[in-house]
Amino acid sequence: MSFNHIVVQNILRDKWTYVSYFLSSMFSIIIFFLFTVIAFHPSLNSMDPDSTLGISLMLASMLVYLFSFIFIAYSIMAFLKKKTKTLGIFMITGASMKQIRTLVFRENILIGVMAIIAAIILGLVITPLFLMGAKVVLKAETFGMYIPIKAIVLTVGLFLVLFVVISKIMTRFINKEASIQLLKSDAIIEKSIKSHYPLLFISILISTALSYLLKINHDIVGRFGVLYYAVFFASILCTIYLVISQGIRFSLKIFEKSPAYMRKTNMLLASNLNAKMKSHANMLFLITILLSGVFLCTSILFSSYYNVEKDSEENYPYSFQYIADPKADAAKVDADVEYLEQQLSTVDSQKYFIEFKSNEEERLGYMSISNYNLLNNQNVSLKDKEFIAVAGNRDLAPITNTHEDNYLKNLKLASVDERNLLSTGFQKTYFIVPDLLYNSIDYPVYKTYIFELDNWTTHTELARKITEDIPTISQQRYITSKIGLYDSEMFVKSVMFFIGSMLSLIFLSAAMSILYFYLQTTLLQEKEKYLGIQKLGLSKNELFTVVSKELAILIFVPFAIAITMLFATLFAMRTMVSTAFLLVSMMSSLCFFALFFVSYLFIRKSYFKRLLSN
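Parameters and conventions
Residues numbered from 1 in each chain as written. Predicted model: local features only at pLDDT ≥ 70, side-chain atom pairs only at ≥ 80, totals over all residues. Heavy atoms only, no water. Helix = DSSP H or I, 4+ residues; strand = E, 2+ residues; numbered from the N terminus. Buried < 20%, exposed > 50% of the residue type's maximum accessible area, 1.4 Å probe, protein only. Contact = heavy atoms within 4.5 Å. Areas by Shrake-Rupley, 256 points an atom, 1.4 Å probe, with all protein chains shown as cover. Axes fitted to C-alpha atoms, helices over the stretch in contact; angles between N-to-C directions. Parallel < 35°, antiparallel > 145°, perpendicular 65-115°, else oblique. Left-handed = near helix turned anticlockwise from the far one by under 90°. Nonpolar A, V, L, I, M, F, W, Y, C, P; charged D, E, K, R; others polar. Pairing = 2+ DSSP bridges. Core = buried A, V, L, I, M, F, W, Y, C linked by side-chain atoms within 4.5 Å. Patch = residues over 30% accessible without salt bridge, like charges linked within 9 Å, V, L, I, M, F, W, Y side chains within 5 Å. Salt bridge = Lys/Arg side-chain N within 4 Å of Asp/Glu carboxyl O. Phe/Tyr/Trp six-rings, centres within 6.5 Å; stacked < 30°, edge-to-face > 60°.

Engineer: What is the right way to look at the overall build of the protein chain in this model?
Structural biologist: Regarding its fold elements, the protein chain presents 20 helices and eight strands. For the protein chain, buried positions account for 45% of its 614 residues. Intrachain contacts of the protein chain at a sequence separation of at least 6 include 84% that bridge at least 24 residues. By element, 64% of the accessible surface of the protein chain is carried by carbon and sulfur atoms, the whole surface being about 32200 Å².

This is the structure:
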């Protein structure tokens, strides 16, 4: 019998341990492969690597690869724990540590290569459908099928390196001293969780303080930068772990003192939870972190859709805005405006002509009250010695200190309008003054033609054509369109949603896979334990009840904690999110709950069947 034959037989004898590892690894590789298929698509050859799409695809691919590294490392550690007896037997029968490590290394490389090959084949099969979906989401005109040679080479190369590196590192954890303990693993009693309530209180206090600081003082956060976020993230992780571990301990102590403890199989359930309290806490923590990432990521991505239209209008208030530079040729301006009117003649629109004067050195605009009223369709009046300060930049308050201004130093501020008047950033501030004063101001005049379309979000193709035909030319004309901004922002949000959805699938798959690994590593021990209890009179129905409750705790407690964190975050951001977004978050949570309930039923049936098998 050759050494490689032993490797293959070792896998086949314990195939159920490897099947989840194989499927989960294959799924991660497929996601990475599909990302690279898009990243290297010929339609994106002209894409700027520093653009939002380029950076997003690169970061998503790196995140998938990093997550795959962590996930596969965890899987191998789970396998080493599951195969403790097998490895111990090999050691006792005379196998050297070099041979044991070579055995485990080749097993993992074989599984890894099979996962890569299966992922590439399956990925090529679903790529046409995936590209069709990507074409719709990314709103690409041409996104057809091609032979993704670069994607295949990169995926195979990176994941081969990943499996080799992880397998080499993980096999170093095997040693002779551990082999004796591995053979006696059934007799080892898991250490219980100690009381750390003061540490829990301190951790909650620190996390709360850092969260509140993030909300009220952005200067301090900006000063510390990455360090602040690293500390904040670490404190959140510590708090979640302590809440779970101390919560389990506290709940069991309370439960053991309640009358329900003596009813039916509750005593057996509590005893089982006490015996595996630490491992259960670790499992709940891992699944909670994965689910929290899924829920928060999905909700944030959904929220972005509800703000695009509003954000576009705050930056560019009008469907089309044409500003003629004072140096522009009048005939050229007239030709441009005539072209705009011709293109917009087929849609319902309103046209406005206004002008303003600009202190070009300070980038301060001056507009008459008549033009201001025309633009805003209102009837505001000003006294001779009054003016209005209006914002020229989004999210920046207009300048109100005009003591050094030659025209406004003797005027009184009547009111402040923080809504952006024209395209954001063109002027710092616009001062609305009486008509008579406006006529006396000696600054260059910027003629402005504004077109506002009904149902403007539906005219993206028209906006794209107009901005391509008459682009902005410095010192001649300045063209802006909230329709074009809306179209580009929706594209970015669609890309982010597309990427986030794929990552969410990976995290959900990982959560279920990790739970499956955990159940597999304890299956033999649980079978022996329940077999002994059955001899004392435990029925199959009672065993089914105990197993159902324990699995429900492992699946639904992390779900409940993750949902609580999600809605706590949404509550803290309640002034920044809409009611529609809250409804979407609730609906997505219900969908996730339905998915988890189905997973629970499937896992319970499969696990119970294997628990009773010989």
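Engineer: Hey, could you run me through helix α14 (residues 369–376) in this one?
Structural biologist: Along an α-helix, residues three or four apart share an orientation, since each turn contains 3.6 residues. Three or more residues of α14 are buried, namely Ile369, Asn371, Tyr372, Asn373 and Leu375. Just downstream of α14 lies Asn377, where phi reads positive at about 50°.

Engineer: I would appreciate a short explanation of the packing of helix α16 (residues 460–469) against helix α17 (residues 482–521) in the present structure.
Structural biologist: Axis angle and axis distance: for two packed helices, these are the angle between their axes and the distance between the axes, and together they describe the pair. For the pair α16 and α17, the least separation of the axes is 9 Å and the interaxial angle reads 110°. One finds that α16 runs roughly perpendicular with respect to α17. Between α16 and α17 lies a crossing whose hand is left-handed. On α17, the residues touching Thr460, Ala463 and Arg464 of α16 are Ile483, Gly484 and Asp487. A per-class count over the contact of α16 with α17 returns two nonpolar, two polar and two charged.

Engineer: Is there a simple way to explain the sheet that holds strand β5 (residues 412–417) in this structure?
Structural biologist: Within a beta sheet, neighbouring strands are joined by backbone hydrogen bonds and run either parallel or antiparallel to one another. Ordered in space as β5-β4-β6-β3-β2-β7-β1-β8, the eight strands form an open sheet in which the pairing is mixed. Each edge of the open sheet is held by one strand with a lone partner, namely β5 and β8 (477–480). If you compare each strand with its neighbour and ignore which way they point, the axes differ by 25° on average. Strand direction decides the pairing type here: strand β2 (residues 349–359) and strand β3 (residues 364–368), joined by three bridges, are antiparallel. When the sheet's bridge partners are listed, Lys357 is paired in β3 with Tyr366.

Engineer: Help me understand unusual backbone geometry in this model?
Structural biologist: Comment: phi is negative for the bulk of residues other than glycine, and the bulk of peptide bonds are trans. A positive phi angle, close to 50°, is found at Asn455, a residue other than glycine. Looking at the secondary structure, you find Asn455 in the loop between β7 (445–453) and α16. By relative accessible area, Asn455 is classed as exposed at 61%. Backbone geometry at Gln475 places phi at a positive 65°, although glycine is not the residue there.

Engineer: What is the right way to look at the nonpolar core in this model?
Structural biologist: Nonpolar side chains in soluble globular proteins generally cluster together in the buried interior. Within the largest apolar cluster, 88 residues are counted, with the highest numbers of intra-cluster contacts made by Leu291, Phe295, Leu515, Leu519 and Phe596. Looking at which element gives the most residues to this core, the answer is α17, with 16 residues. In contact with Leu515, not counting residues within four places along its chain, are Met283, Ile287, Leu554, Ile555 and Ile603. By size, the runner-up hydrophobic cluster in this structure holds 23 residues, among which are Ala324, Tyr449, Leu453 and Leu462.

Engineer: Help me understand the pairing of strand β4 (residues 386–391), please; the structure alone is not making it clear to me.
Structural biologist: One face of the sheet, then the other: side chains in a regular strand alternate in exactly this way. Of all six residues in β4, six are buried; the element is thus mostly enclosed. Because side chains alternate across β4, one face comprises the buried residues Glu386, Ile388 and Val390, and the other comprises Phe387, Ala389 and Ala391, equally buried. Both β4 and β5 contribute to a ladder of five bridges, which runs parallel. Counted as the bridge partner of Ile388 is Ser415 from β5. Strand direction decides the pairing type here: β4 and strand β6 (residues 429–433), joined by four bridges, are antiparallel. Looking at the pairing, Ala389 lines up with Phe431 of β6.

Engineer: Quick question: what am I supposed to make of a nonpolar patch on the surface here?
Structural biologist: Together, Val113, Ile117, Ile121, Leu122, Val125, Ile126 and Leu160 make up an exposed nonpolar region whose accessible area comes to about 560 Å². Looking at the nonpolar patch element by element, the count peaks at six residues for helix α5 (residues 97–138). For Val113, the position within the fold is in helix α5.

Engineer: How do you make sense of the pattern of salt bridges when you look at a structure like this?
Structural biologist: Opposite charge on two side chains makes pairing possible when the charged atoms of those side chains draw close. Applying the stated criterion across every chain, the model contains 11 salt bridges. Arg394 is the salt-bridge partner of Asp311, the closest N and O atoms lying 2.9 Å from each other. Remark: Arg394 occurs in the loop between β4 and β5 and Asp311 occurs in helix α12 (residues 277–315); sequence separation between them is 83 residues. Taking the relative accessible area as the measure of exposure, Asp311 reaches 27% and is therefore partly exposed. Among the charged side chains, a salt-bridge network with shared partners connects Asp311, Glu314 and Arg394.

Engineer: Even after reading the chapter, I still don't get the packing of aromatic side chains, so can you show me in this structure?
Structural biologist: Aromatic rings considered in pairs are described by the distance between their centres and by the relative angle of their planes. Under the criterion given, the structure shown has 24 aromatic pairs. Here the aromatic rings of Phe597 and Tyr600 are separated by 6.4 Å at their centres, their planes lie at 40°, and the arrangement is tilted. One end of the pair is Phe597 and the other is Tyr600, both in helix α20 (residues 579–612) and three residues apart, which spans about a single turn. By relative accessible area, Phe597 is classed as partly exposed at 37%. Pairwise contacts between aromatic rings join Phe556, Phe559, Phe593, Phe596, Phe597 and Tyr600 into one cluster.

Engineer: Before we go on, may I ask you to explain the packing of helix α13 (residues 330–343) against α16 in this structure?
Structural biologist: Closest axis-to-axis distance for the α13/α16 pair is 11 Å, and the angle between their directions is 165°. Between α13 and α16, the crossing angle belongs to the class labelled roughly antiparallel. Here α13 and α16 pass one another in a crossing that is right-handed. From α13, Tyr339, Leu340 and Gln343 reach across to α16, where they touch Leu462, Lys465, Ile466 and Asp469. By residue class, the composition of the contact of α13 with α16 is four nonpolar, one polar and two charged.

Engineer: It is not clear to me how the side chain of Gln343 should be interpreted in this structure. Could you clarify?
Structural biologist: Turning to its location among the elements, Gln343 is positioned in helix α13. According to the relative accessible area criterion, Gln343 is buried, its value standing at 18%. With residues near it in sequence (within four places) discarded, Gln343 still touches Leu462, Lys465 and Ile466.

Engineer: Help me understand the pairing of strand β1 (residues 320–324) in this model?
Structural biologist: Burial within β1 is extensive, with five of its five residues counted as buried. Where burial is concerned, the two faces of β1 agree: the one with Phe320, Tyr322 and Ala324 and the one with Gln321 and Ile323 are both buried. The sheet contact formed by β1 and β7 spans five bridges and is antiparallel. Each bridged residue has a counterpart across the sheet, and for Tyr322 the counterpart in β7 is Tyr449. Where β1 meets β8, four bridges bridge the pair, whose relative direction is antiparallel. Bridged to Ile323 within β8 is Tyr478.

Geometric descriptors of this kind do not, in isolation, establish any biological role.
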